[in-house]
Amino acid sequence: MLDLLITNAALPDGRSGMSIAAQNGKITEVTQGPIAGAQATETVDAGGYLLSPHFVDPHFHMDATLSYGLPRVNESGTLLEGIALWGELKPMLKAEAIIERALSYCDWAVAKGLLAIRSHVDTSDASLLAVDALLEVKKQVAPYIDLQLVAFPQDGVLRSKGGMDNLKRALDKGVDVVGGIPHYERTMAEGAASVKLLCEIAAERGLLCDMHCDESDDPLSRHIETLAFETQRLGLQGRVNGSHCTSMHSMDNYYVSKLLPLIAESGVSVIANPLINITLQGRHDTYPKRRGMTRVPELMAAGVNVAFGHDCVMDPWYGMGSGDMLEVAHMGLHVAQMTSQKGIRQCFDAVTVNAAQVMHLQGYGLEVGCDASFVLLQARDTVEAIRLRANRLKVWRKGRLLAEMAEVVSTLTLVNRPAKTAFFKVS
Ligand code: FE2
């Protein structure tokens, strides 16, 4: 007797009529058509809808989430006022409140089929209050969300007093990944020095590394080049990520033609945050205004692993959002003009498999032996899923049902259309 059997599912790779069996939290069979003689404790007819591995957010700030309006709203809506506002809020933060807001967000995430999150946590405050709070959250949500934490020196690891010591202490406490923010250091040289030092820490400790890198419109901000170089020098290929990299949007095209192969060669992955990049970048422009997102299709074409992150939900930087990675993918494909069928599917990958690769998630996917952790979407394929930001009908983690909602009858979906969309009478 199986634990879980899902029949008649479409998969992200385009296969349809698929059966997926799970036992002890793992996928045991993936077959076209019915599995002969299979019986399970829970059997679900997917009705032709899309079964995907769960969503993954590789870039988030859980210590700030749901703090919108505290102590005031970001009037200008700019990145710099957001950082200043976060500075005002920090002395008022209480661990209990951070934990409560983070746990609320994790509930939202589960309902949206988002079961793995990489969150940066600000290490600038010597008390490491937010670090302790998110380590506690990580423990509490472990049965339903893989939460990976990045030691993030928001005020600059060299620019702020005690920055390096605080970051190292956060890692000692169990924070998983080394972070950084080179473009916020005092000079370009200091930024490059911070990249070198932080990559060395990652190498020494055997950790992954993920830096906010060149999050500006400055065409000469080139820390991604240093990050790629240090990654190769220290043998960290496949373990390092550059987040945002928005300056690449504004760089000289000749220089980018040299840079892209360097990034690919170093095995550095890149995370764009479409919702945030499109709202925070290009703010000094009149018209034409730059989009401010990194060069996603060009990076992908060069062989770089590119993922999309949510970055912020209702915090000092961004008052919108709901933990919906399909909304992130939707914005990403618009900003990057990835409207070809291939481009849309690549945007779906950016919030699933590519993001899982950034996080080094084990057991992710729909192959036999992977975790039975997936989401059933009210859409027949990945293109429709993004178009509709489709309902999450069921969410499982390791074979256990975590969330479900009733199918909403809609003229917007094409699955089962003749029977269920009798809104228009044609005589
Ligand atoms: Fe960020």
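These lines cover the structure that appears in this document, whether it is placed above or below.

Thresholds applied
- Residues numbered from 1 in each chain as written.
- Predicted model: local features only at pLDDT ≥ 70, side-chain atom pairs only at ≥ 80, totals over all residues.
- Heavy atoms only, no water.
- Helix = DSSP H or I, 4+ residues; strand = E, 2+ residues; numbered from the N terminus.
- Rg over C-alpha atoms; globule rule 2.2 N^0.38 Å.
- Buried < 20%, exposed > 50% of the residue type's maximum accessible area, 1.4 Å probe, protein only.
- Contact = heavy atoms within 4.5 Å.
- Areas by Shrake-Rupley, 256 points an atom, 1.4 Å probe, with all protein chains shown as cover.
- Lys, Arg positive; Asp, Glu negative; His and termini not counted.
- Charge placed at Lys NZ, Arg CZ, Asp CG, Glu CD.
- Donors = N, O, S within 2.8 Å, 3.2 Å for Na, K, Ca; no water.
- Tetrahedral: all angles 85-135°; square planar, octahedral: opposite > 155°, others 65-115°.
- Pairing = 2+ DSSP bridges.
- Right-handed = clockwise from strand over helix to strand, strands pointing away.
- Axes fitted to C-alpha atoms, helices over the stretch in contact; angles between N-to-C directions.

Focus on the overall build of the protein
Item 1. Assigned secondary structure in the protein consists of 14 helices and 16 strands.
Item 2. Taking 22 Å as the expected radius of gyration for a compact globule of 427 residues, we find that the protein reaches 22 Å, a close match to that expectation.
Item 3. Its C-alpha atoms give the protein principal-axis dimensions of roughly 65 × 45 × 45 Å.
Item 4. When burial is assessed residue by residue, the protein has 55% of its 427 residues classed as buried.
Item 5. Within the protein, residue pairs in contact and separated by at least 24 positions form 75% of the contacts whose partners lie at least 6 positions apart.
Item 6. Carbon and sulfur atoms form 54% of the exposed surface of the protein, whose accessible area is close to 17,300 Å².
Item 7. Looking at charge distribution, the protein has the averaged site of its 40 positive side-chain charges lying 2 Å from that of its 48 negative ones.

Concerning the coordination of the iron ion
Item 1. Protein ligation of the iron ion involves His-59 (NE2), His-61 (NE2), His-212 (NE2) and Asp-311 (OD), the donor distances falling in the range 2.2 to 2.5 Å.
Item 2. Relative to the metal, the four donor atoms surrounding the iron ion lie at angles of 84 to 175°, and the coordination shape comes out irregular.
Item 3. Site description for the iron ion: donor spacing in sequence, H-x1-H-x150-H-x98-D. Of this pair, His-59 sits in strand 6 (residues 55-60) while Asp-311 sits in the loop between strand 13 (306-308) and helix 10 (325-335), and the two are 252 residues apart along the sequence. For the pair formed by His-59 and Asp-311, the shared burial category is buried.

Observations regarding the pairing of strand 10 (residues 208-213)
Item 1. With six of six residues buried, strand 10 lies mostly within the body of the structure.
Item 2. Residues Leu-208, Asp-210 and His-212 line one face of strand 10 and the alternating positions Cys-209, Met-211 and Cys-213 line the opposite face, and both faces are buried.
Item 3. The sheet contact formed by strand 9 (residues 177-178) and strand 10 spans two bridges and is parallel. What sits directly across from Val-178, in strand 10, is Cys-209.
Item 4. As a crossover connection, the stretch from strand 9 through helix 5 (residues 188-205) into strand 10 is right-handed.

A short note on the environment of Glu-327
Item 1. Note on placement: Glu-327 falls in helix 10.
Item 2. For the pair Glu-327 and Ala-170, spaced 157 residues apart in the sequence, the C-alpha separation amounts to 32 Å.

Some points on the sheet that holds strand 14 (residues 374-377)
Item 1. What the four strands build is an open sheet, ordered 5-14-15-16; its pairing is antiparallel. Either end of the sheet is taken by a strand with one partner, and the two such strands are strand 5 (50-53) and strand 16 (400-404). Neighbour-to-neighbour, the strand axes of the sheet open up by a mean angle of 20°, direction not taken into account.
Item 2. Of the pairings in the sheet, the one linking strand 15 (residues 392-397) to strand 16 comprises four bridges and is antiparallel in character. When the sheet's bridge partners are listed, Val-395 is paired in strand 16 with Ala-403.

Nothing here speaks to function; it is geometry throughout.
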